[in-house]
Every structure is written in C-alpha cells, then in structure tokens.
Amino acid sequence: MGRPYKGASTDAGHGGGETRSSGEGIERCWSKGVSPSGTGRGSTSGGRSPRPGAKPFSIPKKLVWEAYLRVKENEGAPGGDCESIEEYERDLKNNLYRLWNRMSSGTYFPPPVLQVVIPKRDGGERKLGIPTVTDRIAQTVVKMYLEPLVEPSFHNDSYGYRPGKSALEAVAKARERCWKYNWVLDLDVQSFFDSLDHRLVMHAVRRYTNCRWVLLYIERWLKAPVQVEDGSLVERTSGTPQGGVVSPLLANIFLHLAFDVWMQEKHPRVSFERYADDVLVHCRSKAEAEELWQAVVARLTRCKLAVHPQKTKIVYCKDSNRPGSHLHQSFDFLGFTFRPRTTRNRESCYFVSFSPAVSRKAARAMRQTMRGDWKLARRTDKALTDLANMVNPVMRGWITYYGAFRRSALRQVFRPLDFALTRWVTRKYKRYRGHRTRATKWLYRVKRRQPSLFAHWAICRPVRAAGW
C-alpha cells in the first residue's frame with residue numbers, strides 16, 4: 001500500500017535553544033522544515049531508512065508533534081503512572097524527543113494499561129483501558145499514519161469512530177430503513193473488545209499496510225499487560241483495551257473484513273448500519289431475519305467472536321401500515337429507542353410511526369447526573385446565572401444529540417431539573433421558604449424575562465403554579 005505522507009525530514013538531532021513559554025519554540029523545533037510524512041528521504045516502503053547510522057524507522061518529528069496536539073485537545077485521565085497532561089508538559093521538549101527517538105529506534109515498549117471497571121445496569125461490567133499520556137501520543141502517531149490508508153475502503157454504512165461520520169447519521173439511516181423494511185435483526189457482539197483474537201487482528205491490519213513500525217507497535221499494544229486496581233499486572237492473550245486511541249481503528253478494520261465485506265459478498269441486497277460493534281440488519285421477512293441470524297453466528301464464530309444470545313433479537317417494525325404483532329417491537333440503538341409512536345402529520349392527523357426517541361437508559365443517566373452530580377438545590381452560594389453557566393454546556397450537548405429525533409421526549413427528562421431549581425429558590429431566599437408555589441411562580445417569571453437562561457427552557461417550561 002502507498003503511504004499517506006511524503007517528503008518529510010527525519011533529522012535525529014536534538015534541537016537546542018530555550019523553550020518559549022507559549023510553546024512556539026518547541027513547535028518550531030519539532031516542525032520547522034518538516035511536514036507530516038510517513039517517509040523520509042531515502043526511506044523504503046517498509047518504513048526503514050537505508051542510510052548507515054540512521055534510525056531503523058523513518059518517523060517524522062512533525063507527526064509526533066501533531067499527535068501530541070490531538071492528545072492535548074482530547075484531554076483525558078492519567079494512566080497507570082498518574083502523570084497528567086500538565087505534568088507531561090513541564091518537560092515537553094525532552095518528553096517528545098524521547099518518545100520519537102524510541103519509536104524511530106524500535107525500542108519503544110508500551111507501559112501497562114490502567115484498567116478501570118465500570119458496572120453496567122444489567123449487572124455486567126465494562127472494562128476500560130486508560131493508557132499513559134506518552135502511550136496515547138504514540139498510539140495517535142500510528143493512528144494518524146494508518147487511518148488514511150484504511151478509511152477509503154470502509155463501508156458507507158459503517159459509522160463508528162470515523163472522520164466525517166456520526167452516530168446521528170447512523171440513527172437517521174436506521175429510521176429511514178425501518179420505514180422501508182418490516183423486520184430488524186438487532187445484533188449484539190458479546191464482549192467484543194475483550195474477545196478480539198490478536199493473530200486475526202494482525203492479519204487484518206497487514207491487508208492494508210506492510211509498514212514494519214506500524215505492525216510492530218500494534219502487536220506490542222495488543223500484548224501489553226493490564227494494570228488492575230490493586231497495582232498487579234495481568235497478561236493479555238486476547239482483546240484490545242476499550243479506551244485506547246488505536247483500539248477503535250483496529251475494531252473497525254477487523255469488523256470491516258469480518259462483517260461488512262462478508263455481507264457485501266454473501267448478502268448484497270441486505271442493508272445494515274454498524275457503529276463499532278453495534279449492528280442493525282434490515283430484512284424483508286422474519287424468515288430472512290432468522291436465516292441471516294444463523295449465518296452471522298456462523299461467520300462470527302469463524303472469526304472467534306460470539307453473538308450475545310439474550311441481547312440479539314428480531315424486531316417487528318410496527319406502525320399504521322404494518323398492524324401485525326410480534327414478541328419484540330422495539331430496540332435500542334446508540335442511546336435511542338425505536339418503537340411505535342403516535343405522530344401527527346402536516347394535516348394534523350395522527351398516525352403510528354416506528355421512530356426513535358431518547359431511550360430510558362439514556363434518560364436515566366441524564367437524571368442521575370442532574371440529581372447526583374449537580375445537586376443544584378444545595379448550591380445556594382451561587383446566583384441563578386452561575387447555575388445556568390455551570391449546567392448549560394452539558395445540557396446543550398444532550399439536547400443537540402438526543403433532541404435530534406422527537407425532541408419533545410426530553411421534556412420529561414428535564415422536568416426534575418425545574419423542581420430542583422424551585423427547591424433552590426426556597427433555600428436561597430428567605431421570603432420563599434416554605435412557599436413552594438410562590439417560588440414556582442417566581443421561577444416562571446424569570447423564564448418569561450430570560451427564556452434562554454437555561455438551555456432546556458427552549459423545550460421545557462418551568463412548572464407553573466396552580467391557577468396560572
């Protein structure tokens with residue numbers, strides 16, 4: 001395969017001079033005369049330099065610098081070494097040089113990945129891997145090199161972790177196809193990130209590149225041990241850490257070959273949407289869905305993956321034009337629940353449509369954040385404007401995403417927030433203590449004067465007192 005970058009210098013000399021506080025000096029040291037390239041002068045197609053005494057691998061400094069900028073922009077929690085971005089930047093120039101030198105020499109070995117276990121509501125556990133800052137930069141270097149090679153070959157209906165693609169696009173396409181097809185096969189791959197076979201992953205990556213340093217470091221990341229909460233290390237024989245920078249790209253490469261390409265070859269007439277390991281397949285009949293279910297199970301078994309027997313199901317897309325019934329008439333996808341809903345058309349006539357809205361699980365998570373994390377009723381040391389500035393950025397994100405389809409469903413989600421604001425009024429002002437109705441009227445008058453003070457007021461009015 002060809003390289004995505006060309007014409008970069010890979011001078012191994014350590015830049016001198018003082019570092020400017022603004023970072024300009026470091027950037028000039030790392031980027032002056034260097035363009036983001038995967039090849040240096042005289043380098044070979046395998047990412048090696050033939051010059052005597054040069055680094056074995058030609059990795060441009062500019063690529064490492066740009067990877068650091070991306071990691072800094074994304075922020076993130078410290079890894080197993082407890083080093084934050086701010087601490088890493090105290091000796092930024094030497095840290096970046098050390099990383100580039102080791103990666104170019106082939107002597108970079110990933111440190112253990114800190115494992116954090118997050119309980120699921122269904123009783124299971126989700127294991128997240130948090131790499132160190134240095135390792136996140138190194139993974140970003142590989143991702144920036146590899147992604148332009150594999151991205152053009154990905155399927156149009158693959159939406160997860162791809163530039164120019166979004167979850168809302170996947171939901172919109174799923175809604176459109178649910179109106180067209182009567183049946184949906186809701187696929188759930190069991191413990192996908194923990195079950196990836198390392199040999200098959202490396203085989204999939206080699207389909208797109210023969211760059212030796214990319215293959216070397218991907219293999220080392222796959223085999224890097226896991227550091228559990230008590231500090232002990234656990235060897236990993238399968239899977240890739242969910243939370244790593246390069247893990248989503250590896251997952252897309254694997255599932256593209258294991259599922260997307262297979263569907264194109266064996267079932268070219270069947271439409272689907274895939275967001276990482278979340279898959280919806282649209283079928284014309286229940287028999288076709290059952291047959292496809294068995295075929296997918298057999299295919300994923302050959303790829304050493306398993307379909308979750310309880311979470312995978314066949315769903316009937318019931319609406320006014322499809323009045324039949326089935327055991328399953330709803331499914332969740334990317335935070336939205338698809339089910340029959342009463343809808344009004346342009347002529348103000350009501351009908352039943354199979355459409356998405358915010359799921360109960362997502363609504364429960366938002367309420368938990370508002371109730372458990374914000375605790376607005378107790379923040380009487382702040383003004384109402386301060387409370388709005390604190391919560392509006394988060395609420396705007398929720399409204400932008402979950403309000404993209406059936407925004408009115410968010411009214412019940414945000415209703416408890418207005419009750420919390422009412423309690424804040426009764427605690428903040430003495431004249432409203434013990435007078436909840438008067439506090440509610442006061443809050444309603446504020447909304448009339450400043451309707452955009454809180455982001456959710458655009459779709460959900462404050463609770464009005466009786467008689468108003």
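This structure is a prediction, so every number in the text was calculated from the model and none was measured.

A. A look at the overall build of the protein. For the protein, the helix and strand inventory stands at 15 helices and 11 strands. Summed over its atoms, the accessible surface of the protein is roughly 23500 Å², and 47% of this surface lies on carbon and sulfur atoms.

B. Broad picture of the layout of surface pockets. The volume enclosed by the largest pocket comes to roughly 1800 Å³. Residue lining of the largest pocket: 42 residues in total, with K120, R126, D188, K311 and K361 positioned closest to the centre. By residue number, the principal contributor to the lining of the largest pocket is helix 12 (residues 360-374), which donates four residues.

C. Inspection of the packing of aromatic side chains at higher detail. Taken as a whole, this structure holds 22 aromatic pairs when the rule is applied. Aromatic pair W183 and Y316: ring centres 4.9 Å apart, planes at 50 degrees, arrangement tilted. Taken as a pair, W183 in strand 3 (residues 183-188) and Y316 in strand 8 (residues 313-316) lie far apart in primary sequence, 133 residues in all. The buried category is assigned to W183, whose relative accessible area is 11%. Centre to centre, the rings of W424 and Y429 are 6.0 Å apart; their planes meet at 85 degrees, and the pair counts as edge-to-face. With a relative accessible area of 0%, W424 lands in the buried category.

D. Representation of the environment of L327 within the structure. Its location among the elements puts L327 in the loop between strand 8 and strand 9 (331-333). As for L327 and V315, which are separated by 12 residues in sequence, their C-alpha atoms are 7.8 Å apart.

E. Just helix 6 (residues 167-180), in detail. With 14 residues, helix 6 should reach 20 Å at 1.5 Å per residue; the first-to-last C-alpha distance of 20 Å fits that figure. Among the residues making up helix 6, those that are buried are A167, A170, V171, A174, R177 and C178. For helix 6, the angular spread of buried residues about the axis comes to 130 degrees, placing them on one side.

F. Quick look at the sheet that holds strand 10 (residues 336-344). Sheet architecture is open: three strands sit in the order 9-10-11, paired in antiparallel fashion. What marks the edges here is a single partner per strand, and that holds for strand 9 and strand 11 (350-358). The sheet shows a mean angle of 50 degrees between the axes of neighbouring strands, taken without regard to direction. By the bridge criterion, three bridges tie strand 9 to strand 10 in an arrangement that is antiparallel. Paired with F331 across the two strands is F338, which belongs to strand 10. Contacting strand 9, strand 10 and strand 11, helix 6 crosses the sheet at an angle of about 60 degrees to strand 10.

G. Fine view of the pattern of salt bridges. Overall, the coordinates contain 10 salt bridges when judged by the stated rule. E66 serves as the salt-bridge partner of K62, at 3.6 Å between the closest nitrogen and oxygen. With K62 and E66 both in helix 2 (residues 61-74), this residue pair falls four residues apart, about one helical turn. Taking the relative accessible area as the measure of exposure, E66 reaches 21% and is therefore partly exposed. The partner of E89 in a salt bridge is K72, and the shortest N-O contact between them spans 3.4 Å. Here K72 lies in helix 2 and E89 lies in the loop between helix 3 (85-88) and helix 4 (92-105), a separation of 17 residues in the sequence. When its relative accessible area of 42% is taken as the criterion, K72 is described as partly exposed.

H. Region of interest: the sheet that holds strand 4 (residues 226-227). Taken in spatial order, the four strands make up an open sheet running 2-1-4-5, and their pairing is mixed. Only two strands of the sheet have a single partner each, and these edge strands are strand 2 (125-130) and strand 5 (233-234).

I. Molecular detail of a positive patch on the surface. A contiguous patch of positive charge, built from R126, R339, R360, K361, R364 and R406, is present on the exposed surface. Here the element with the most residues in the positive patch is helix 12; it accounts for three residues. On the secondary structure map, K361 appears in helix 12. K361 sits in the exposed class, given a relative accessible area of 52%.

J. Highlighting helix 4. The terminal C-alpha atoms of helix 4 lie 20 Å apart, and with 14 residues this matches the ideal 20 Å at 1.5 Å per residue to within 8%. One or two steps after helix 4, the chain reaches G106, where phi turns positive at roughly 80 degrees.

K. Broad picture of empty space enclosed by the protein. Across all of its chains, the model carries two cavities of 30 Å³ or more by this definition. As for the largest cavity, its lining consists of 14 residues, and the residues nearest its centre are Q139, W221, T240, P241 and S247. Of all elements in the fold, only helix 5 (133-150), helix 9 (212-223) and helix 10 (247-266) reach the threshold of two or more residues within the lining of the largest cavity. Looking at the second largest cavity, its volume works out to about 30 Å³. Forming the walls of the second largest cavity are L187, V189, L255, F259, V279 and L300. Across the lining of the second largest cavity, the residue classes tally to six nonpolar, no polar and no charged.

L. Molecular detail of the confidence of the model for the protein. Overall, the predicted model of the protein reaches an average pLDDT of 86, with 86% of residues at or above 70. Across residues 463-468, confidence stays below pLDDT 50; counting only partners more than four residues off in sequence or on other chains, it has 12 contacts.

M. Representation of a negative patch on the surface in the model. Taken together, the side chains of E75, D81, E86 and E87 define an acidic patch exposed on the protein surface. With respect to the element layout, D81 can be found in the loop between helix 2 and helix 3. D81 sits in the partly exposed class, given a relative accessible area of 40%.

What counts as what
Residues numbered from 1 in each chain as written. Predicted model: local features only at pLDDT ≥ 70, side-chain atom pairs only at ≥ 80, totals over all residues. Heavy atoms only, no water. Helix = DSSP H or I, 4+ residues; strand = E, 2+ residues; numbered from the N terminus. Areas by Shrake-Rupley, 256 points an atom, 1.4 Å probe, with all protein chains shown as cover. 1 Å grid on protein atoms, 1.4 Å probe; cavity = no way out; pocket = protein on both sides within 12 Å on 5 of 7 lines; lining within 4 Å. Points joined across faces, edges and corners; volume = space filled by probe spheres on them. Phe/Tyr/Trp six-rings, centres within 6.5 Å; stacked < 30°, edge-to-face > 60°. Buried < 20%, exposed > 50% of the residue type's maximum accessible area, 1.4 Å probe, protein only. Expected span 1.5 Å × (residues − 1). Arc of directions from axis to C-beta. Pairing = 2+ DSSP bridges. Axes fitted to C-alpha atoms, helices over the stretch in contact; angles between N-to-C directions. Contact = heavy atoms within 4.5 Å. Salt bridge = Lys/Arg side-chain N within 4 Å of Asp/Glu carboxyl O. Patch = residues over 30% accessible without salt bridge, like charges linked within 9 Å, V, L, I, M, F, W, Y side chains within 5 Å. Lys, Arg positive; Asp, Glu negative; His and termini not counted. Charge placed at Lys NZ, Arg CZ, Asp CG, Glu CD. Nonpolar A, V, L, I, M, F, W, Y, C, P; charged D, E, K, R; others polar. pLDDT = per-residue confidence, 0-100.

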